[in-house]
Amino acid sequence: MGLRIDRLATLYIVDPLRRASSSGNASVPILMYHSIADEDEGGVHPYYRTATAPSVFAAQMESLHQAGFSVIGLAEAIRRSTAPEAAKNSVVITFDDGFRNFYSNAFPVLNRYGFTATMFLPTAHIGESHLKFKEKECLSWAEVKELHRHGISFGSHTVTHPQLHDCDAHSIQKEITGSKHTIEQELGCAVQSFSYPYAFPEVDASFKRNLREQLRQAGYENGVCTTVGRPGPSSDPFFLKRLPVNSDDDLQLFRAKLAGSYDWLAKPQYLAKMAKNWVNAGAHQ
Ligand SMILES: [Zn+2]
């Protein structure tokens, strides 16, 4: 098992300091899930794992219910982020990749507590039958429609799930408008939210500026990315930070993440991306 420096620092350094200082900014945490299934990710460091066992997911949802959390959508989270009292005990639950195990393993649990969630679909992998993505079955449109009737929101995760940072402007346009139109045609309602696939190139300011403008012009109102942390009042509404969750999040770590004790990871994550950028820039000279 890999050394969980992120876990140790979160629980034994940052969490006690945060409790002692008690200075809470208005922030609605956004949880990021992918696959809800018993998967063997033994070869992957816990920080990078993306599967959450159904039993772990159920325990996490029960803990939100018992702590009196209200589960809200992204637009409401952005509104509440300007008011500390309204933001308190609010949370957003998101899922990327459109895996079918959401239907079988996550939705029944969410439904038990009356929780809503937003699922981000890579639309090329959603069909009349169960297509596959990353070797896992995805939702069918019939299931997407049924979930939508039961209060689940759907957002775009592009068409083919590329790293948009490597795409030209025309391809980016096709990815963000094509997926939006497909979901809107299937569900008959507007798609407001976008989720950036793979690592978000947060250090590239001009890329972010251009993408934000393209998303706005396409009619999106908000979005999320893979940068770790909780959004605040000054966050960019198109690239809201999230808290990654997986099977290794026991309830102690899960609660500490919700309370903001995992937000420190945004800094080393940012520095690592800057360093990678410099290395790549050097290699291209
Ligand atoms: Zn994804």
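The structure under discussion appears in the preceding block.
Quick look at the structure, then. As a convention, each chain's residues are numbered from 1 in the sequence order in which they are written. At least 70 in pLDDT is required for a residue's local features to be given in this predicted model, at least 80 for side-chain atom pairs to be given and counted, and no such filter applies to totals for whole chains, interfaces and linings, which use all residues. The side-chain figures draw on all heavy atoms in the structure; neither hydrogens nor water molecules are used.

What follows covers the coordination of the zinc ion. Any N, O or S atom lying within 2.8 Å of the metal counts as a donor, and for Na, K and Ca the limit rises to 3.2 Å; water is left out, so some sites can look incomplete. Coordination of the zinc ion by the protein involves D97 (OD), H157 (NE2) and H161 (NE2), with metal-donor separations of 2.1 Å. Sequence spacing of the donors to the zinc ion: D-x59-H-x3-H. Taken as a pair, D97 in the loop between β5 (90-96) and α5 (101-113) and H157 in the loop between β9 (153-156) and α7 (169-187) lie far apart in primary sequence, 60 residues in all. Taken as a pair, D97 and H157 share a single burial class, namely buried. The secondary structure listing takes helices from DSSP runs of H or I that are at least 4 residues long and strands from runs of E that are at least 2 residues long, numbered from the N terminus. Exposed residues in this analysis have more than 50% of their type's maximum accessible area, buried residues have under 20%, and partly exposed residues fall in between, with area computed by a 1.4 Å probe over protein chains only.

Right, let's talk about the pattern of salt bridges for a bit. Any carboxyl oxygen of Asp or Glu within 4 Å of a side-chain nitrogen of Lys or Arg constitutes a salt bridge here. Evaluated as defined, the whole model comprises 16 salt bridges. Between R79 and E76 there is a salt bridge; the shortest N-O distance is 3.1 Å. One end of the pair is R79 and the other is E76, both in helix α3 (residues 74-80) and three residues apart, which spans about a single turn. The partly exposed category is assigned to E76, whose relative accessible area is 26%.

This part is about the packing of helix α2 (residues 54-66) against α5. Geometry is summarised by axes, namely lines fitted to C-alpha atoms with helices restricted to the contacting stretch, and by angles between N-to-C directions that run from 0 to 180 degrees. Here α2 crosses α5 at 20°, and the two axes come no closer than 10 Å. Classified by the angle between their axes, α2 and α5 sit roughly parallel to one another. Note on packing geometry: the crossing formed by α2 with α5 is right-handed. Side by side, α2 and α5 meet where P54, F57, A58, M61, E62 and H65 of the first sit next to N105, A106, V109, L110 and Y113 of the second. Residue type decides the class: Asp, Glu, Lys and Arg count as charged, Ala, Val, Leu, Ile, Met, Phe, Trp, Tyr, Cys and Pro as nonpolar, and the leftover types, Gly among them, as polar. Grouping the amino acids of the contact of α2 with α5 by side-chain chemistry returns eight nonpolar, two polar and one charged. Working rule for angles: under 35 degrees goes down as roughly parallel, over 145 as roughly antiparallel, 65 to 115 as roughly perpendicular, anything else as oblique. Helix crossings fall into two classes, left-handed where the near helix is turned counterclockwise from the far one by less than a right angle and right-handed where it is turned clockwise. When checking whether two residues touch, look at their non-hydrogen atoms; a contact exists if any pair is within 4.5 Å.

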